[in-house]
Amino acid sequence: MNKTLKQVTMHTDGSCLGNPGPGGYGIVLNYGKERKELSGGFSLTTNNRMELTAAITGLQALKTRCAVTLYTDSQYLVNAINKGWVKKWQAKGWMRTKSEKALNADLWKELLALCERHDVHFIWIRGHAGHPENERCDRLAVEAAQGQNLPPDKGYMAYKI
């Protein structure tokens, strides 16, 4: 972790009411004494897309290059980054195997670009285990998924065509 950069702590969570179904994401950003909460949702999406969207939206909210410790309860997100799965999918033209496409390539591309801009360290935490910031992100995500007039997740819809 680059100690010369602003040190930001980010908690993220995604939610989907059905999978697929209406989905939402929640983010809590902390920098020193500053705190910011973000959330949003889509009318039809998946839980994994919302987990990725939370990380992307949180990183996009940072105005300058930062050192980010990102806490998430998504093993999909943490393992794909920390175990190098996403880099392998990218190297193989966004394929998991010779016949199986890697899902959510649109979001993985965005996330990788943001990880080039920021120094991001991904840490998995158990969800629904009483961690206050993770619980807050979960509430934000569920509330967003329950919102009215949610926009479509165009990336998800592109996979279904």
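Residues numbered from 1 in each chain as written. Predicted model: local features only at pLDDT ≥ 70, side-chain atom pairs only at ≥ 80, totals over all residues. Heavy atoms only, no water.

> Hey, could you run me through the nonpolar core in this one?
Among soluble globular proteins, nonpolar side chains are generally buried collectively. Ranked by internal contacts, the top residues of the largest apolar core, which has 33 residues, are Val68, Trp108 and Leu111. Those residues in contact with Leu111, other than ones at most four positions away along the chain, are Leu52, Ala55, Ile56, Leu59, Leu77, Ile81 and Phe122. (Core = buried A, V, L, I, M, F, W, Y, C linked by side-chain atoms within 4.5 Å. Buried < 20%, exposed > 50% of the residue type's maximum accessible area, 1.4 Å probe, protein only. Contact = heavy atoms within 4.5 Å.)

> Help me out: how do you make sense of the packing of aromatic side chains in this one?
The geometry of an aromatic ring pair is captured by the separation of the ring centres together with the interplanar angle, meaning the angle of the planes. Counted under the stated rule, the structure contains 2 aromatic pairs. For the ring pair Tyr76 and Trp108, a centre distance of 5.4 Å and an interplane angle of 65 degrees mean the geometry is edge-to-face. Here Tyr76 is found in helix 2 (residues 75-82), whereas its partner Trp108 is found in helix 4 (residues 105-117), with 32 residues between them in sequence. For Trp108, a relative accessible area of 0% translates into the label buried. Between Trp89 and Trp108, the aromatic rings sit 5.9 Å apart at their centres with planes inclined by 65 degrees, giving edge-to-face as the arrangement. Here Trp89, found in helix 3 (residues 85-91), pairs with Trp108, found in helix 4; they are 19 residues apart in sequence, far enough to count as distant. A single burial state applies to Trp89 and to Trp108, both of which are buried. (Phe/Tyr/Trp six-rings, centres within 6.5 Å; stacked < 30°, edge-to-face > 60°. Helix = DSSP H or I, 4+ residues; strand = E, 2+ residues; numbered from the N terminus.)

> Where do I start with helix 2 in this structure?
For the α-helix, the turn length of 3.6 residues means that residues three or four positions removed from each other point alike. Within helix 2, burial applies to Tyr76, Leu77, Val78, Asn79 and Ala80. Here the buried face of helix 2 lies against helix 1 (47-60), strand 4 (66-72), helix 3, helix 4 and strand 5 (119-124). A positive backbone phi angle near 80 degrees is found at Gly84, which sits one or two residues after helix 2.

> Help me understand helix 1, please; the structure alone is not making it clear to me.
An ideal rise of 1.5 Å per residue puts 20 Å on 14 residues; helix 1 measures up with 20 Å between its terminal C-alpha atoms. With respect to burial, helix 1 is a largely interior element, 11 of its 14 residues being buried. Every buried residue of helix 1 is listed here: Arg49, Met50, Glu51, Leu52, Thr53, Ala54, Ala55, Ile56, Thr57, Gly58 and Leu59. (Expected span 1.5 Å × (residues − 1).)

> Where do I start with the pattern of salt bridges in this structure?
It is possible for side chains of opposite charge to pair when their charged atoms get near one another. Tallied over the full model, the rule gives 6 salt bridges. Notably, a salt bridge pairs Arg136 with Glu37, separated by 2.8 Å at the nearest N-O pair. One end of the pair, Arg136, is in helix 5 (residues 132-145); the other, Glu37, is in strand 3 (residues 34-45), with 99 residues separating them in the sequence. Look at Glu37 and you get partly exposed, because its relative accessible area is 32%. Salt-bridge contacts for Asp153 lead to Arg49; the nearest nitrogen and oxygen are separated by 2.8 Å. Of this pair, Asp153 sits in the loop between helix 5 and helix 6 (154-160) while Arg49 sits in helix 1, placing them 104 residues apart in sequence. For the residue pair Asp153 and Arg49, the accessibility class agrees, reading buried in each case. (Salt bridge = Lys/Arg side-chain N within 4 Å of Asp/Glu carboxyl O.)

> Help me understand the side chain of Thr45, please; the structure alone is not making it clear to me.
Within the fold, Thr45 resides in strand 3. In contact with Thr45, not counting residues within four places along its chain, are Cys16, Asn19, Pro20, Gly21, Gly23, Met50, Asp153 and Tyr156.

> What's the story with the pairing of strand 3 in this structure? I'm lost.
Note on strand geometry: in a regular strand, side chains alternate between the two faces of the sheet. Two strands pair when backbone bridges link them, and strand 2 (residues 21-31) and strand 3 are joined in this way by 10 bridges, in the antiparallel orientation. Across the sheet, the residue bridging to Gly24 is Gly41, located in strand 3. Where strand 2 hands over to strand 3, the hairpin turn is made up of 2 residues, of which Gly32 adopts a positive phi near 60 degrees. (Pairing = 2+ DSSP bridges.)

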